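Residue-level structure breakdown
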Amino acid sequence: MKRSVAARVTDTSGTGRAPRIGRCVRLIVTVALAASFPLAVTPAPAFAHGATLSITPTAGAALAKAPQRVEVVFAAEITSDSSVTVMDHTGTDWAGGRPVVHGATLRHQVRADMPDGWYEISWRATFTDGHPVAGTAEFTVGAEAAAAAAANPLRARLTHGGVVALYAASGVAVIALLLAIMTLSRGVYAAGKRTDADERSTL
């Protein structure tokens with residue numbers, strides 16, 4: 001009779017352990033999904049069309065004098081609500097007037113009084129099929145600005161290819177983490193079941 005009571009107590013303990021393991025696993029999976037959520041909702045540039053074909057001035061260009069305009073040519077036609085800015089290091093936009101969209105080309109005039117210095121072209125566009133695209137490119141005007149940019153190790157920016165690689169690596173890391181959690185949870189659950197079985201067999 002005592003053995004029967006002990007067995008029932010052990011079985012109840014084992015039954016209670018499984019829900020605890022399950023809750024722990026669900027908590028870990030929830031935390032992992034929460035950590036990966038920003039990667040899923042962060043808007044990324046559209047690469048379905050190959051993004052851009054050319055940028056003028058070209059990325060990293062060192063110009064002797066200021067350009068009259070900036071131009072971005074995409075791999076597909078864009079809508080008229082696309083925009084482009086030309087910012088200096090103080091955040092001043094040197095793009096003048098309104099941008100012009102012609103097919104797959106986004107063009108914007110630059111103000112005539114642009115001084116020597118470092119500039120960043122930043123564009124946002126929407127393809128006619130609804131896919132958005134965004135990007136940046138840097139250039140310098142004047143020999144002194146070009147030399148200063150070349151000497152600055154922080155001047156590098158993340159390119160379109162770098163963004164693609166970042167998102168791909170992040171996705172692989174999240175999947176690997178979830179698989180590891182699933183494998184670990186199965187091992188913990190199996191170990192718990194074996195422990196319960198061993199405890200019952202010794203009674």
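Now for a look at the structure at hand. Computed from a prediction, not measured in an experiment: that's the story for all the values here.

A separate point is the packing of aromatic side chains. Inspection of every chain in the model, using the stated rule, returns two aromatic pairs. Seen in terms of ring centroids, F74 and F127 are 6.0 Å apart; in terms of plane orientation they differ by 90 degrees. Their pairing is edge-to-face. Of this pair, F74 sits in strand β3 (residues 69-74) while F127 sits in the loop between β7 (117-126) and β8 (132-141), placing them 53 residues apart in sequence. With centroids separated by 5.6 Å and ring planes inclined at 20 degrees, the aromatic side chains of Y119 and F139 adopt a geometry described as stacked. Residue Y119 is found in strand β7, and its partner F139 is found in strand β8; the two are separated by 20 residues along the sequence. By the burial criterion, Y119 is buried, and F139 matches it. In this structure, R111 packs its charged tip against the face of W94, placed 4.1 Å from the ring centre.

This brings us to a nonpolar patch on the surface. Taken together, the side chains of I175, L179 and M182 present a nonpolar region at the surface, about 290 Å² in accessible area. Within the secondary structure layout, L179 lies in helix α3 (residues 160-202). Residue class for L179 comes out partly exposed when judged on its relative accessible area of 49%.

Criteria and thresholds
Residues numbered from 1 in each chain as written. Predicted model: local features only at pLDDT ≥ 70, side-chain atom pairs only at ≥ 80, totals over all residues. Heavy atoms only, no water. Phe/Tyr/Trp six-rings, centres within 6.5 Å; stacked < 30°, edge-to-face > 60°. Helix = DSSP H or I, 4+ residues; strand = E, 2+ residues; numbered from the N terminus. Buried < 20%, exposed > 50% of the residue type's maximum accessible area, 1.4 Å probe, protein only. Lys NZ or Arg CZ within 6 Å of the ring centre and 35° of its normal. Patch = residues over 30% accessible without salt bridge, like charges linked within 9 Å, V, L, I, M, F, W, Y side chains within 5 Å. Areas by Shrake-Rupley, 256 points an atom, 1.4 Å probe, with all protein chains shown as cover. Salt bridge = Lys/Arg side-chain N within 4 Å of Asp/Glu carboxyl O.

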